Amino acid sequence: MRFSIVEKRIFFAKVTRYCNLQFFVMYKYVFLDLDDTLWNFHSNSKCVLREIFADRQLAQYFNDFDQYFGLYAKRNFELWELYGKGLVTKEYLNVERFLHPLRQVGEDNVRLAELISAEFLMLLPNKTTLMPHAIEVLDYLHAKYPLTIVSNGFIEVQYKKLKNAKLEKYFEHVVLSQSANALKPDRRIFEYALQLNGALPSDAIMIGDSYTADIVGARNVGMDQIYYNTYRPIVADQISPTYVISDLLELKELL
Ligand SMILES: [Mg+2]
């Protein structure tokens, strides 16, 4: 009998969980990232930018929307990594991610990038597409654990996203970097979330899609981690997360 990779992973996860139970290691609190872990940032931002691309007649500068979105998405990912390391400001990120695609086609127009940024931040929280199985898994987890959002996203958009996507009811606490005065992977944002719950690091597990922010960050503070890795290859020198999943439904096996 041959087993698929997912079946093997679930089997080993069950064995690991069984072994953990033997040593009385059980989680009491679950922390979750928001963007691209529960709320589908990639899909929602693509939808908003498609609207702005048409309204602002950006087709005059680019071959097509895909060229524009590809340039934006690559730069946006880089900027969030830099923002997490404290190397760029929120204000720089917000303009640069929209200025970069324009600059690549010879349209170095800061004013246009600022307008796109303002429209993007205004329209984005109205979108409500979630990651596959997010509600089913939140219903399951909410019945078993107090849940806490730990996110680097901006205050002015994250609460609107939670409200519009009807996710507020699932969470005991929402910890954002601006309120914790620290960005993931800084251990202080996780310590703040643990303190709010009255939890020890060994009591809680962090679930997120960013290796550098969620996985490294949680490990920095001594928490176990679940890496929701939908498409990125694991780099050889990366230390293994406690668990890796490619579908949120696997959480029902792990927790
Ligand atoms: Mg994320």
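See above for the structure.
Residues numbered from 1 in each chain as written. Predicted model: local features only at pLDDT ≥ 70, side-chain atom pairs only at ≥ 80, totals over all residues.

Mind showing me how you'd approach the pairing of strand E4 (residues 204–208) here?
Each regular strand displays side chains that alternate between the two surfaces of the sheet. Counting buried residues along E4, 5 of its 5 residues qualify, which places the element largely inside the surrounding structure. Neither face of E4 is left uncovered, since the one carrying Ala204, Met206 and Gly208 and the one carrying Ile205 and Ile207 both have all their residues buried. Bridging between strand E1 (residues 29–32) and E4 involves 4 bridges; their strand directions are parallel. Bridge pairing in E4 places Leu32 opposite Ile207. Here 4 bridges tie E4 to strand E5 (residues 224–228), and the two strands are oriented parallel to one another. Across the sheet, Gly208 pairs through a bridge with Tyr227, a residue of E5. (Buried ≥ 20, exposed ≤ 12 C-beta atoms within 10 Å, placed from the backbone. Helix = DSSP H or I, 4+ residues; strand = E, 2+ residues; numbered from the N terminus. Pairing = 2+ DSSP bridges.)

Please explain the pairing of strand E3 (residues 173–176) as it appears in this structure.
Judged from the 4 bridges that link them, strand E2 (residues 147–151) and E3 form a sheet pairing that is parallel. The residue of E3 that forms the bridge with Ile149 is Val174. Taken together, E2, helix H7 (residues 155–164) and E3 form a β-α-β motif whose crossover is right-handed. (Right-handed = clockwise from strand over helix to strand, strands pointing away.)

For this particular structure, what's the right way to read the sheet that holds strand E6 (residues 243–245)?
Strand pairing in a sheet relies on backbone hydrogen bonds, with the paired strands running either antiparallel or parallel. If you trace the 6 strands from one edge of the open sheet to the other, you get E3-E2-E1-E4-E5-E6, paired in parallel fashion. The sheet is open, and its two borders are formed by E3 and E6, each paired with just one other strand. With strand direction ignored, the average angle separating the axes of adjacent strands in the sheet is 20°. Lying over the sheet, helix H9 (residues 187–197) contacts E1, E2, E3 and E4, oriented at roughly 160° with respect to E3. (Axes fitted to C-alpha atoms, helices over the stretch in contact; angles between N-to-C directions. Contact = placed C-beta atoms within 7 Å.)

How do you make sense of H9 when you look at a structure like this?
One full turn of an α-helix is made of 3.6 residues, so residues set three or four places apart face in the same direction. Among the residues of H9, those classed as buried are Ile189, Phe190, Ala193 and Leu194. All buried residues of H9 fall inside an arc of 140° around its axis, so they share one side. Of the surrounding elements, those touching the buried residues of H9 are E1, E2, E3, helix H8 (177–180), E4 and helix H10 (211–220). One or two residues past the end of H9 sits Gly198, with phi positive at roughly 65°. (Arc of directions from axis to C-beta.)

Before we go on, may I ask you to explain unusual backbone geometry in this structure?
What is expected of a backbone is that most residues other than glycine have negative phi and most peptide bonds are trans. Between Lys184 and the following residue, Pro185, the backbone shows a cis peptide bond with an omega angle of 15°. Relative to the helices and strands, Pro185 is located in the loop between H8 and H9. The residue Gln57 is not glycine, and still its phi comes out positive at about 55°. Turning to its location among the elements, Gln57 is positioned in the loop between helix H2 (41–55) and helix H3 (65–84). Phi angles above zero are rare outside glycine, and Asn181 is one such case at about 55°. With respect to the helices and strands, Asn181 occurs in the loop between H8 and H9.

Any chance you could explain the nonpolar core here in plain terms?
Soluble globular proteins tend to pack their nonpolar side chains together in the buried interior. Membership of the largest hydrophobic core comes to 39 residues, with the highest contact counts inside it found for Phe31 and Val150. With residues up to four places along the chain from it excluded, the contact list for Phe31 reads Thr148, Val150, Ala193, Ala204, Met206 and Ile207. Counting 8 residues, the second-largest nonpolar core is a separate cluster that includes Leu49, Tyr72, Ala113 and Ile116. (Core = buried A, V, L, I, M, F, W, Y, C linked by C-beta atoms within 7 Å.)

Looking at this model, I keep getting lost on the packing of helix H4 (residues 90–104) against helix H5 (residues 110–123). Mind explaining?
To characterise two packed helices, one gives the angle between the axes of the helices and the distance between these axes. It is at 8 Å that the axes of H4 and H5 come closest, and there the two elements cross at 125°. As judged from the angle between their axes, H4 and H5 are oblique. Note on packing geometry: the crossing formed by H4 with H5 is right-handed. On H5, the residues that touch Asn94, Val95, Phe98, Leu99 and Leu102 of H4 are Val110, Leu112, Ala113, Glu114, Ile116 and Ser117. Broken down by class, the residue content of the contact of H4 with H5 amounts to 8 nonpolar, 2 polar and 1 charged. (Parallel < 35°, antiparallel > 145°, perpendicular 65-115°, else oblique. Left-handed = near helix turned anticlockwise from the far one by under 90°. Nonpolar A, V, L, I, M, F, W, Y, C, P; charged D, E, K, R; others polar.)

Distances and angles like these do not, on their own, reveal function.
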